[in-house]
Amino acid sequence: MNTSYTPLHNPETEAHGIVPPLEQAIDRARKVLDEKAQANIHDQDAMIRAAYGLHYVLHDLLAALDAEGVGR
């Protein structure tokens, strides 16, 4: 599939390395969510950084949940 943009994440080329413990993933997700809530919605770079940061903590959180067998 050809796209005119670079996606935030490509699961075919970016494997998940280390899966954090669930409690650590939850704590990190809460911290990053609080940090990114302060981003200026009118600042394109801030929104890109927020999306990138939130994507990766969500990715870690889901991987930790999967490792624990939660939600399956």
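As the structure is a computational prediction, the values presented were derived from the model and not from experiment. (Residues numbered from 1 in each chain as written. Predicted model: local features only at pLDDT ≥ 70, side-chain atom pairs only at ≥ 80, totals over all residues. Heavy atoms only, no water.)

## Points about helix 2 (residues 44–68)
As a reminder of what qualifies: Secondary structure elements follow DSSP: runs of H or I of four or more residues count as helices, runs of E of two or more count as strands, with numbering from the N terminus. One less than the number of residues in a helix, times 1.5 Å, gives the span that helix is expected to have. Here the term buried applies to any residue with accessible area under 20% of the maximum for its type, exposed to any over 50%, and partly exposed to those in between, with areas from a 1.4 Å probe on protein chains only. Any two residues whose heavy atoms approach within 4.5 Å at even a single point are treated as in contact. In the analysis that follows, any N or O atom pair within 3.5 Å is treated as a polar contact, provided that within protein one partner can donate a hydrogen and the other can accept it, and provided that, for residues neighboring in sequence, both atoms belong to side chains.
With 25 residues, helix 2 ought to run about 36 Å at 1.5 Å a step, and its terminal C-alpha atoms sit 36 Å apart, in line with that. Taken together, the buried positions of helix 2 are Ala46, Ala50, Gly53, Val57, Leu61, Ala63 and Ala64. On its buried face, helix 2 sits against helix 1 (22–36). Two to three positions downstream of the cap, the backbone nitrogen of Asp45 sits 3.0 Å from a side-chain oxygen, assigning the N-cap of helix 2 to Asp43. Just past helix 2, the residue Gly69 takes up positive phi, approximately 75°.

## Comments concerning the packing of aromatic side chains
Keep this limit in mind: Aromatic rings from Phe, Tyr and Trp, taking only the six-membered ring of Trp, are treated as a pair when their centres fall within 6.5 Å; an angle between ring planes under 30 degrees marks them as stacked, one over 60 as edge-to-face, and anything in between as tilted.
Under the criterion given, the structure shown has 1 aromatic pair. Between the aromatic rings of Tyr52 and Tyr56, the centroid separation amounts to 4.8 Å while the plane-to-plane angle is 55°, which identifies the pairing as tilted. With a gap of 4 residues between them, Tyr52 and Tyr56 both fall in helix 2, about one helical turn apart. We classify Tyr52 as partly exposed; its relative accessible area is 45%. The exposure class of Tyr56 is partly exposed, given its relative accessible area of 24%.

## Side note on the nonpolar core
We count it as follows: Working definition of a nonpolar core: buried Ala, Val, Leu, Ile, Met, Phe, Trp, Tyr and Cys residues. They are joined through side-chain atoms within 4.5 Å.
Judged by nonpolar contacts, Leu22, Ala25, Ala29, Val32, Val57, Leu61 and Ala64 together constitute the single largest core of 7 residues. Breaking this core down by element, the ones donating at least two residues are helix 1 and helix 2. Per-element accounting of this core gives the leading share, 4 residues, to helix 1.

## With respect to the environment of Gln38
Positionally, Gln38 belongs in the loop between helix 1 and helix 2. Among the residues examined, Gln38 registers a relative accessible area of 67% and is labelled exposed. When the C-alpha positions of Gln38 and Ala50 are compared, they lie 9.5 Å apart, and in sequence the two are 12 residues distant.

Just geometry here; none of it tells us what the structure is for.
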